[in-house]
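Listed below, chain by chain, are the residues.
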Amino acid sequence: MNLLLRTIMQERQRIENMLTRYETELLTLPKGSILEKRSGEKSYFYLKYRDGKRIVSKYISRQKVDEVRDCLERRKHIEAMIHSLQEEKSMADKILEGRL
């Protein structure tokens with residue numbers, strides 16, 4: 001039983017380390033979505049996100065649209081990973097407290 005508890009404690013520590021790493025990376029990634037506006041035959045791209053109660057639109061050059069889109073997809077993936085890791089951490093905490 002001691003080996004099992006030690007393994008769960010190590011897993012909990014690994015989860016905490018991963019959460020810290022993901023949350024730090026999340027701070028560097030943009031949030032929001034890309035909005036395309038057309039004026040005649042030209043397209044203009046904007047990163048649209050919420051800042052408190054304000055909605056902010058920032059222009060994105062055509063050369064950077066794919067880069068920003070990749071960053072937004074990476075952000076969604078990291079948010080899903082954080083959610084999953086938080087559930088695993090909660091389960092590990094319950095096991096260590098003897099509730100499960």
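In what follows, the structure referred to is the one given above.
Conventions adopted
Residues numbered from 1 in each chain as written. Predicted model: local features only at pLDDT ≥ 70, side-chain atom pairs only at ≥ 80, totals over all residues. Heavy atoms only, no water. Core = buried A, V, L, I, M, F, W, Y, C linked by side-chain atoms within 4.5 Å. Buried < 20%, exposed > 50% of the residue type's maximum accessible area, 1.4 Å probe, protein only. Helix = DSSP H or I, 4+ residues; strand = E, 2+ residues; numbered from the N terminus. Contact = heavy atoms within 4.5 Å. Expected span 1.5 Å × (residues − 1). Axes fitted to C-alpha atoms, helices over the stretch in contact; angles between N-to-C directions. Parallel < 35°, antiparallel > 145°, perpendicular 65-115°, else oblique. Left-handed = near helix turned anticlockwise from the far one by under 90°. Nonpolar A, V, L, I, M, F, W, Y, C, P; charged D, E, K, R; others polar. Pairing = 2+ DSSP bridges. Salt bridge = Lys/Arg side-chain N within 4 Å of Asp/Glu carboxyl O.

Caption draft 1: How the structure looks around the nonpolar core. One finds Ile15, Met18, Leu19, Tyr22, Leu26, Leu29, Ile78, Ile82 and Leu85 forming the largest nonpolar core, which totals 9 residues. Listed by contribution, the elements that provide at least two residues to this core are helix H1 (2-28) and helix H2 (65-97). In terms of residue count, the dominant contributor to this core is H1 (5 residues). Once residues lying within four places of it in the same chain are set aside, the contact partners of Ile15 are Leu85, Glu88 and Lys89. Formed by 8 residues, the second largest nonpolar core is a distinct cluster that contains Leu47, Tyr49, Val65 and Leu72.

Caption draft 2: Main features of H1. Between the first and last C-alpha of H1 there are 40 Å, a value that for 27 residues agrees with the 39 Å anticipated at 1.5 Å per step. Taken together, the buried positions of H1 are occupied by Ile8, Ile15, Met18, Leu19, Tyr22 and Leu26. Each element contacted by the buried residues of H1 is listed here: H2.

Caption draft 3: Expanded view of the packing of H1 against H2. Axis separation between H1 and H2 bottoms out at 9 Å; the angle between their running directions is 155°. Relative to H2, the element H1 lies roughly antiparallel. In the crossing of H1 with H2, the sense of the turn from one axis to the other is left-handed. Its residues placed into classes, the contact of H1 with H2 shows 15 nonpolar, 1 polar and 12 charged.

Caption draft 4: Here's a closer look at the sheet that holds strand S1 (residues 33-39). Spatially, 3 strands are ordered S1-S2-S3 in an open sheet, and the strand pairing comes out antiparallel. Strand pairing shows two members of the sheet lacking a second neighbour, S1 and strand S3 (54-60), which therefore form its edges. Each strand axis lies, on average, 35° off the axis of its neighbour in the sheet, ignoring direction. Relative to strand S2 (residues 42-51), S1 runs antiparallel, the two being bridged by 7 bridges.

Caption draft 5: Broad picture of the pattern of salt bridges. Applying the stated rule across the entire model yields 8 salt bridges. Note that Asp66 and Arg69 form a salt bridge whose closest N and O atoms lie 3.5 Å from each other. Here the residue Asp66 and the residue Arg69 both occupy positions in helix H2, the gap between them amounting to 3 residues, near one helical turn. The class for Asp66 is exposed, based on a relative accessible area of 52%. Arg69 sits in the partly exposed class, given a relative accessible area of 35%. The closest approach of N and O atoms between Arg75 and Glu79, which form a salt bridge, is 3.2 Å. With Arg75 and Glu79 both in helix H2, this residue pair falls 4 residues apart, about one helical turn.

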